[in-house]
2 protein chains.
Amino acid sequence: MLKPITGGITSPKGFLAAGVKAGIKQSGKEDVAVIYSVVPAAAAAVFTTNDMAAAPVILSREHIKGGVLSAIVVNSGCANACTGEQGMADAQEMVKQTAELLSISPQTILVSSTGIIGVTLPMAKVSAGIQQAVSKLSVEGYDNAMQAIMTTDTFAKTIAYEFKLGGMPVRIAGIAKGAGMIHPNMATMLGYMTTDANISSPLLKQALDKAVSLTFNMITVDGDTSTNDTVCVLANGQAGNALIDDAADPDYLLFAEALQSVCRYLAQQVVRDGEGATKFLEITVKGALSFEQGKKAAMSIAKSPLVKTAFFGQDPNWGRILCAVGYSGSNVQPARTSLAIGGVTIVEAGLGARYDEALLRKVMSEKDITVVVDLGLGQEEATVWTCDFSYEYVKINGEYHT
Amino acid sequence: MLKPITGGITSPKGFLAAGVKAGIKQSGKEDVAVIYSVVPAAAAAVFTTNDMAAAPVILSREHIKGGVLSAIVVNSGCANACTGEQGMADAQEMVKQTAELLSISPQTILVSSTGIIGVTLPMAKVSAGIQQAVSKLSVEGYDNAMQAIMTTDTFAKTIAYEFKLGGMPVRIAGIAKGAGMIHPNMATMLGYMTTDANISSPLLKQALDKAVSLTFNMITVDGDTSTNDTVCVLANGQAGNALIDDAADPDYLLFAEALQSVCRYLAQQVVRDGEGATKFLEITVKGALSFEQGKKAAMSIAKSPLVKTAFFGQDPNWGRILCAVGYSGSNVQPARTSLAIGGVTIVEAGLGARYDEALLRKVMSEKDITVVVDLGLGQEEATVWTCDFSYEYVKINGEYHT
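Since we're looking at a predicted model, the values are computed, not measured.

A.B. asks: Describe the sheet that holds strand β11 (residues 280-288) of chain B, naming the residues involved and giving the relevant values.
C.D. replies: Residues and elements named next belong to chain B. Spatially, β9-β16-β11-β15-β12-β13-β14 is the arrangement adopted by the 7 strands of the open sheet, whose pairing is mixed. In the strand order of this sheet, the two ends are held by β9 (219-220) and β14 (351-352), each with one partner. Across 3 bridges, strand β12 (residues 338-341) lies against strand β13 (residues 344-348) in antiparallel orientation. Paired with Ile341 across the strands is Val344, a residue of β13.

What follows is the structure, encoded as structure tokens:
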């Protein structure tokens, strides 16, 4: 039983956070965040698979190998990607300064940057921001930290739950940023989860990998896989539950479910805040021969600009949906394929079905819409989440500053 | 030496065409076309790889096996795709009626449909249209035939050349339709070429495959591979040149080059008329380890909504371009990668270079823009063509009727 609670990423015991205005963003909003665990925390993370991975990603990949982190330092407004040796030196400097200010080892710090690609960090501003953020670390700082990781996001994405492990109350929370350049491949955008659960690093990684594969890796906004995607979870054990270090422990399953719930909520929020989004689309492909085939077909639908613009136009253009399934590379037999939108069956055995037009119009006018394709071939299924393609998407991305 | 000539697809000797208004399109414009060779012509074609291939594609795949065609019958306004057994019966009926009216074998007819998916053909209108079109076949009918294959196209795409084979003047011409659902995979949209060259079917197919792989298969508008893509060439031998039936014959190379020129022109015109396009982008990836890797990287750039909206906004956002190369799956080493837009080098060794900002602004404001990425890894290269993503793209596809 997960009970939603307030308090964001500092609601789990032993976590502090801060977000400050360092002047990196042109808007003047918060742009440097520090998240800190008062004791070293078991940690796991997944990163972008983009070959142009940003300097902070390359550095953080090294730091996470130890399985223990004490802090996360993030800046927005500049991605520190495609910045070569200078970029790597800057990422290292961010870590070094944070480590000195917190008196912890640099190896226990994860660093992220998000924003424009190809520009080096304004390190004087970044340094001043880190200094200020560390000085402001508090339980109340969760909201400012959330603000500081946002770029084109229009609302904050945060969630916190309480549940019980062996009778002890345990909290788990997370924040994420998204909006554009969202198409996960192994990991996606920035997501940070904190928990006071007591769990070993290897099991934390196992739980994170599974959760990400079914949540963050099942969303797409525009098909672009960012250079900076990072999802990280810190578990500092302050809840006092018995250490979870066996995947067969029922507490592991409870924890893994809680983590997946946090990831699913955040991933869906990222889609809801997709650049220019007016619709939230849940696309399920069932009757597939494998999860991978189902995912391939569902992602093909979710990525199709023709499908996305049709939903924006509230047009149940099912031909475009079947067309996207047809070129997805998944096994498909037209005569076995059916399709329902918002519970209204509009294709049966590959052909247009009779349906209640008024009902379908109502479905298409809603903000949340489900699309279910049944391939009729097997027992597996996959669900992905995406948004529509609107004028606003073009506006945001045509006018984003370089 | 290719000499551009007038007269469209009926400029090669022995071809007649017609396009008529059958009332299939809501707009009331031309929607049934017939192209006819007065003698059986060697023929070759390539079709969509979409598993939801339309009925006319399935039927035409059978008919092209003989390597000989006498006529092509096309309707626009309805794609006859995802229409099951009724769709197949309707495609067969179109062929049967055309065959009877022209007194030719049904097996020598290629049939195509384009337009909305999932709706069956209004056969009474189609039949009347075929009857009228056959009765109007003429050398002057090329323009109406062109009009009749268009859907959301905003201009006609047609080209005709004259060149010499063994001293004999030979003509080759083509028409194409495109605009939306354009992302070739083996073949793309509708393209029909006529020539009075005398060439064997197998060599015609060889020349067509190569031409398509370097032209129609190198364009993308929106990444969607249609259910109806068809490219077909008829060679009726009326020019009287000596039969080309040996790939080592210099005339074969001359013919293949002419065919490729026609295909390249038409493919580029399809991109120029991409739905909502305001820019024509030629994207070359060189220094690749193979043509396939170069194509993968170039297509990744060409398909990225973030890149396409940036060009619409006239923003030289090179981070998005390198990001798209990074997730393309092509081999890439950031420190070896360089990038030039419109001849202005803006990335060297993976880092932003100094450049003339005024010059780059001028480049970005032009309609035709070249993008050249050098991976610095090998000797191979690939060039693709695409357009930008504009408000108009969203408008056209959000409001297209279902």
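A.B. asks: I'd like a description of the relation of the copies chain B and chain A, backed by residues and values.
C.D. replies: For the pair of chain copies, the relating operation is a rotation around an axis with a shift along it. Structural alignment of chain B on chain A gives an RMSD of 0.0 Å, achieved by rotating through 180 degrees and translating 0.0 Å along the axis. These values place the two chain copies in the arrangement generated by a two-fold rotation axis. Closest approach to the rotation axis among the C-alpha atoms of chain B is made by B:Tyr391, whose C-alpha sits 2.6 Å away. Most of the interface of chain B is mirrored in chain A, where 100% of its interface residues are also at the interface.

A.B. asks: Quick rundown of the domain arrangement of chain A? Include the residues and the values.
C.D. replies: Residues and elements named next belong to chain A. The domain boundaries assigned to chain A delineate domain 1 (3-273) and domain 2 (280-399). The straight-line distance from the C-alpha centre of domain 1 to that of domain 2 is 32 Å. Between domain 1 and domain 2, the contact holds 16 residues from the first and 16 residues from the second. Approximately 1400 Å² of surface area, both sides summed, lies buried where domain 1 meets domain 2, with 65% of it carried by carbon and sulfur atoms. It is Met218, Thr220 and Arg272 in domain 1 that bury the most area against domain 2; as a group they hold 41% of the surface buried on that side. Between domain 1 and domain 2 we count 1 salt bridge in total. Put simply, Asp368 and Arg272 hold a salt bridge, and the shortest N to O gap is 2.8 Å. Applying the counting criterion to the domain 1 and domain 2 interface returns 3 residue pairs in polar contact (both at pLDDT 80 or more). Where the side of domain 1 that touches domain 2 is concerned, the elements lending two or more residues are α5 (201-214), β9 (219-220) and α6 (250-272). Considered class by class, the residues forming the side of domain 1 that touches domain 2 number 5 nonpolar, 8 polar and 3 charged.

A.B. asks: Lay out the sheet that holds strand β14 (residues 351-352) of chain A with the relevant residues and their values.
C.D. replies: Spatial ordering of the open sheet is given by β9-β16-β11-β15-β12-β13-β14 (chain A), a layout of 7 strands whose pairing is mixed. Where the open sheet ends on each side, the last strands, each with one partner, are β9 and β14 of chain A.

A.B. asks: Pulling in residues and values, what's your account of the nonpolar core?
C.D. replies: If you look at soluble globular proteins, the nonpolar side chains tend to sit buried side by side. Grouped together as the largest cluster of nonpolar side chains are 83 residues, with contacts concentrated most on B:Phe255, B:Leu259 and B:Ile341. When residues of this core are assigned to their parent elements, the largest contribution, 11 residues, is made by helix α6 (residues 250-272) of chain B. Non-local contacts of B:Ile341, meaning those with residues more than four positions away in its chain, are made with B:Phe311, B:Ile321, B:Ile346, B:Leu360, B:Val363, B:Met364, B:Ile369 and B:Thr370. Within the second largest apolar cluster, 80 residues are counted, among which are A:Ala211, A:Ile301, A:Val344 and B:Met52.

A.B. asks: Which residues make up the interface of chain B and chain A, and what values do they have?
C.D. replies: Counting from both sides, the interface comprises 52 residues of chain B and, opposite them, 52 residues of chain A. Interface area for chain B against chain A, summed over the two sides, is near 4200 Å², with a carbon-plus-sulfur share of 64%. Across the contact surface, chain B and chain A share 0 salt bridges. Between the two partners, chain B and chain A, sit 3 residue pairs in polar contact (both at pLDDT 80 or more). Residue assignment for the side of chain B that touches chain A shows that the elements contributing at least two residues are α8 (305-312), α9 (318-326) and α11 (391-399) of chain B.

A.B. asks: Can you lay out the packing of aromatic side chains for me, pointing to particular residues and giving the numbers?
C.D. replies: Overall, the coordinates contain 4 aromatic pairs over all chains when judged by the stated rule. Each ring, one from A:Tyr391 and one from B:Tyr391, has its centre 6.5 Å from the other, and the planes form 45 degrees; the classification is tilted. Highlighted residues: A:Tyr391 in helix α11 (residues 391-399) and B:Tyr391 in helix α11, drawn from two different chains. A relative accessible area of 28% means that B:Tyr391 is categorised as partly exposed. Where B:Phe312 meets B:Tyr391, the ring centres are 5.3 Å apart and the plane angle is 85 degrees; that geometry is what we call edge-to-face. Of the two residues, B:Phe312 sits in helix α8 while B:Tyr391 sits in helix α11, which places them 79 residues apart along the sequence. One aromatic cluster is present, formed by A:Phe312, A:Tyr391, B:Phe312 and B:Tyr391 through successive ring pairs. Positioned over the ring face of A:Phe155 is A:Lys157, at 4.7 Å from the centre of the ring.

A.B. asks: For the UniProt feature "binding site: substrate" (unreviewed entry) in chain A, give the residues involved together with the corresponding values.
C.D. replies: Residue and element names in this part refer to chain A. The UniProt record annotates "binding site: substrate" (unreviewed entry) at Thr151, Lys177, Thr188, Glu275, Asn397 and Thr402. Looking at where Thr151 falls in the secondary structure, it is placed in the loop between α4 (142-148) and β6 (157-165). Exposure remark for Thr151: the relative accessible area of 27% places this residue in the partly exposed category. Thr151 has contacts with Ser76, Thr114, Gly115, Lys177 and Gly178, leaving out every residue within four places of it along the chain.

A.B. asks: Explain the pattern of salt bridges residue by residue, including any values.
C.D. replies: What the rule picks out here adds up to 20 salt bridges over all chains. Across the pair A:Asp153 and A:Lys157 runs a salt bridge whose closest N-O atoms are separated by 2.7 Å. Since its relative accessible area comes to 9%, A:Asp153 is described here as buried. Across the salt bridge formed by B:Glu162 and B:Lys3, the nearest N and O atoms sit 3.9 Å from each other. Here B:Glu162 is found in strand β6 (residues 157-165), whereas its partner B:Lys3 is found in strand β1 (residues 3-4), with 159 residues between them in sequence. For B:Glu162, a relative accessible area of 19% puts it in the buried group. Overlapping salt bridges bring together A:Lys3, A:Glu162, A:Arg171 and A:Asp196 as one network.

A.B. asks: Before we move on, can you summarise the pairing of strand β4 (residues 68-76) of chain B with the specific residues and values?
C.D. replies: All names here are of chain B. For β4, the tally of buried residues reaches 8 of 9 residues, placing the bulk of the element in the interior. As defined by bridge partners, strand β3 (residues 32-47) adjoins β4 across 7 bridges and the pair is classed as antiparallel. If you follow Tyr36 over to β4, its bridge partner there is Ala71. As paired elements, β4 and strand β5 (residues 109-114) share 6 bridges and run parallel to each other.

A.B. asks: Pulling in residues and values, what's your account of the pairing of strand β10 (residues 230-235) of chain A?
C.D. replies: All names here are of chain A. Here β10 lies mainly inside the structure; 6 of its 6 residues are buried. Here β10 shows a buried face lined by Thr230, Cys232 and Leu234 and a second buried face lined by Val231, Val233 and Ala235. Relative to β10, strand β3 (residues 32-47) runs antiparallel, the two being bridged by 6 bridges. What sits directly across from Phe47, in β10, is Thr230.

The rules we used
Residues numbered from 1 in each chain as written. Chains lettered and ligands numbered in written order. Predicted model: local features only at pLDDT ≥ 70, side-chain atom pairs only at ≥ 80, totals over all residues. Heavy atoms only, no water. Pairing = 2+ DSSP bridges. Helix = DSSP H or I, 4+ residues; strand = E, 2+ residues; numbered from the N terminus. Least-squares fit on C-alpha atoms with pLDDT ≥ 70 in both. Contact = heavy atoms within 4.5 Å. Domains from an automatic or database assignment. Buried area = accessible area lost by both parts, 1.4 Å probe. Salt bridge = Lys/Arg side-chain N within 4 Å of Asp/Glu carboxyl O. Polar contact = N/O pair within 3.5 Å; in protein donor to acceptor, adjacent residues only side chain to side chain. Nonpolar A, V, L, I, M, F, W, Y, C, P; charged D, E, K, R; others polar. Core = buried A, V, L, I, M, F, W, Y, C linked by side-chain atoms within 4.5 Å. Buried < 20%, exposed > 50% of the residue type's maximum accessible area, 1.4 Å probe, protein only. Phe/Tyr/Trp six-rings, centres within 6.5 Å; stacked < 30°, edge-to-face > 60°. Lys NZ or Arg CZ within 6 Å of the ring centre and 35° of its normal. UniProt positions renumbered as here; feature names shortened; annotations may be inferred.

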